Amino acid sequence: MCPTTRFAPAPTGFLHLGHLVNAIYAWGIARATGGQVILRIEDHDRQRSRRAFDAALLDDLERLGLIPDEPSLVELRTGPSAFRQSDDPGPYRAAVDVLRTQGRVYACTCARTALLAWRGSGCPGDCRERALPEDEPGSALRGGLGEGDETFDDLLLGLQFGDPSGDGDLTLRDRHGNWSYPLCVVVDDLRHGVDLVIRGRDLLDATPAQLRLGRLLGRETPPAFLHHALLRKPSGAKLSKADHDTAIRDILDGGATPAELLGFAAAAVGLLGSARPVPAAALGHLFEP
Ligand SMILES: [Zn+2]
């Protein structure tokens, strides 16, 4: 089947153990199936992304032996690259143009708190009807994705379905002028030829809208999805970039080998019965039938 999957971190902090679990799935499944791994720098949020974190994540992956099939680390280090979102806004602008010709795009000035509580299509202020200019100060761009559920067969979780418009119309560009995460990820997966999306279960609910957006942008065959378990702290809380104790570079600097770290992370999510060293080159064995 030779899938093309991707590892797509945001350079808003150092890579942590949660990223490592995702990388183990991406590289392991690609190696077990003769597929390939694309590395994409998801720095669409210009306020939160940092070039220092971008450089650090490339160093950390190289240190771990997690080398992407495309692009080369040299390309990402020297830039510009089609695999770094901030290097070329063209594809995102073009995608919004497509949606605009379909009559789906409108400016929205609703407050974030009102949007978070909103259920159903549209937005709390009915901004679509107000037909504000797209350059209205402080406005976001939103896109209506239409009605009806999307269904998909998650490779781990089985049949899933959901309403793409269930939490309101999709943000395409935020009020700060950043292209949104769902817009960028759908556009990039399409143009980069990604046909297997491997990510954590925290993004399961985002999938119906992303499937629909892909269809509206002309993607005929959606990617396959695999949503894996997240690594959690003993308290049950999700790991976050604010937790410096889980930064991969700190653990390696503390004396752990890359193979020990990969084996520890694999065991922590049940891919190994107990922790033992697993070099990056052997990750495929974790996923062989
Ligand atoms: Zn609104």
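Whatever comes next refers back to the structure up there.
Below is a summary of the structure that appears in this document. Counting restarts for each chain, with residues numbered from 1 along the sequence as it is written. In keeping with the model being predicted, local features are shown solely for residues with a pLDDT of at least 70 and side-chain atom pairs are shown and tallied solely at 80 or more, while totals for entire chains, interfaces and linings include all residues. Think of the side-chain values as coming from all heavy atoms in the structure, minus any hydrogens and water.

Examining the sheet that holds strand β4 (residues 140-143)
Here is step 1: Here a strand pair is declared whenever DSSP counts at least two bridges between the two strands. Working definition: helices are DSSP H or I runs of at least four residues, strands are E runs of at least two. Numbering for both runs from the N terminus. The antiparallel open sheet is built from three strands, whose spatial order is β3-β4-β7. Pairing within the sheet leaves two strands with one partner each, and these edge strands are β3 (105-108) and β7 (170-173). Across this sheet, the average inter-strand angle for adjacent strands is 45 degrees, counted without regard to direction.
Here is step 2: When β4 meets β7, the two strands line up antiparallel, connected through three bridges. Across the sheet, R142 pairs through a bridge with T171, a residue of β7. Structural elements are reduced to axes, namely lines fitted to C-alpha atoms, with helices fitted over the stretch in contact, and the angle between N-to-C directions of any two is expressed from 0 to 180 degrees.

Some details on the pattern of salt bridges
Here is step 1: Salt bridges are identified by distance alone: a Lys or Arg side-chain nitrogen within 4 Å of an Asp or Glu carboxyl oxygen. Tallied over the full model, the rule gives 20 salt bridges.
Here is step 2: Residues R40 and E42 are paired through a salt bridge, measuring 3.0 Å at the closest nitrogen-oxygen approach. For the pair formed by R40 and E42, the shared burial category is buried.
Here is step 3: Measuring nitrogen to oxygen at the nearest pair gives 2.8 Å for the salt bridge that ties R84 to D54. The cut-offs for exposure are 20% and 50% of the maximum accessible area for each residue type, with area from a 1.4 Å probe on protein chains only; residues under the lower value are buried, those over the upper are exposed, and the others partly exposed.

Regarding the coordination of the zinc ion
As a benchmark, a tetrahedral metal site with four donors has ideal angles of 109.5 degrees, while an octahedral site with six donors has ideal angles of 90 or 180 degrees.
Here is step 1: Coordination of the zinc ion by the protein comes from C108 (SG), C110 (SG), C123 (SG) and C127 (SG), over a distance range of 2.3 to 2.4 Å.
Here is step 2: Distances up to 2.8 Å from the metal define which N, O and S atoms are donors, and 3.2 Å serves for Na, K and Ca; water is absent from the atom set, so sites may look incomplete. Every angle between 85 and 135 degrees makes a four-donor site tetrahedral, while opposite donors more than 155 degrees apart, with all other angles between 65 and 115, make a four-donor site square planar and a six-donor site octahedral; other sites are irregular. Bound by four donor atoms, the zinc ion shows angles of 104 to 114 degrees at the metal and therefore tetrahedral coordination geometry.
Here is step 3: If you list the donors of the zinc ion from N- to C-terminus, the spacing comes out as C-x1-C-x12-C-x3-C. With C108 in strand β3 and C123 in the loop between α5 (112-116) and α6 (127-130), this pair connects stretches of sequence that are 15 residues apart. With respect to class, C108 is no different from C123; both count as buried.

A few points about helix α1 (residues 17-33)
Here is step 1: Multiplying 1.5 Å by the helix residue count minus one yields the expected span of that helix. The end-to-end C-alpha distance of α1, which contains 17 residues, comes to 24 Å, matching closely the 24 Å that a straight helix rising 1.5 Å per residue would cover.
Here is step 2: With 13 of its 17 residues buried, α1 lies for the most part within the structure.
Here is step 3: Positive backbone phi, at 75 degrees, marks G34, one or two positions downstream of α1.

Section: the packing of helix α7 (residues 181-191) against helix α8 (residues 207-216)
Here is step 1: In the contact formed by α7 and α8, the axes pass within 9 Å of each other and the chain directions differ by 55 degrees. Of the possible angle classes, the one that applies to α7 and α8 is oblique. For the crossing formed where α7 meets α8, the hand is right-handed. Mapping the contact onto sequence places Y181, P182, L183, V185 and V186 in α7 and Q210, L213 and G214 in α8. Roughly parallel means an angle under 35 degrees; roughly antiparallel, over 145; roughly perpendicular, 65 to 115; everything else is oblique. Less than a right angle of anticlockwise turn of the near helix away from the far helix marks a crossing as left-handed, whereas a clockwise turn marks it as right-handed. Only heavy atoms matter for contacts: two residues are in contact if any of them lie within 4.5 Å across the pair.

Observations regarding the nonpolar core
Here is step 1: F7, L20, I24, W27, L61 and L66 are the most contacted members of the largest nonpolar core, which has 47 residues in total.
Here is step 2: For this core, the secondary-structure elements that each account for two or more residues are α1, β2 (36-39), α2 (51-64), α3 (73-78), β8 (196-200), β9 (224-228), α9 (248-253) and α10 (258-268).
Here is step 3: Per element, the largest residue contribution to this core is 10 residues, and it comes from α1.
Here is step 4: If we ignore the near neighbours within four places in the chain, the residues touching W27 are F7, V37, L61, L66, I67, P68 and L283.
Here is step 5: Take the buried Ala, Val, Leu, Ile, Met, Phe, Trp, Tyr and Cys residues and link them wherever side-chain atoms come within 4.5 Å; each set so joined is a nonpolar core. Residues A95, V105, L145 and A209 belong to the second largest nonpolar core, which totals 21 residues.

So, α2
Here is step 1: Its 14 residues give α2 an end-to-end C-alpha distance of 20 Å, which sits within 8% of 20 Å, the value for a rise of 1.5 Å per residue.
Here is step 2: For α2, the set of buried residues is D54, A56, L57, L58, D60, L61 and L64.
Here is step 3: Buried-residue contacts for α2 involve β1 (4-7), α1, β2, α3, α9 and α10.
Here is step 4: Following α2 by one or two positions, G65 adopts a phi angle in the positive range, close to 85 degrees.

Remarks on the packing of aromatic side chains
Here is step 1: In summary, the pairing rule links any two rings of Phe, Tyr or Trp, Trp by its six-membered ring, whose centres are within 6.5 Å, and it sorts them by plane angle into stacked for under 30 degrees, edge-to-face for over 60 and tilted for everything else. Within this structure, the stated rule accounts for four aromatic pairs.
Here is step 2: Between F14 and F53 the ring centres are 5.0 Å apart and the planes differ by 90 degrees, which places this aromatic pair in the edge-to-face class. Highlighted residues: F14 in the loop between β1 and α1 and F53 in helix α2, separated in sequence by 39 residues.
Here is step 3: On the basis of an interplanar angle of 55 degrees and a centroid distance of 5.3 Å, the ring pair of Y25 and F287 is categorised as tilted. In this pair, Y25 is assigned in helix α1 and F287 in the segment after α10, connecting sequence segments 262 residues apart.

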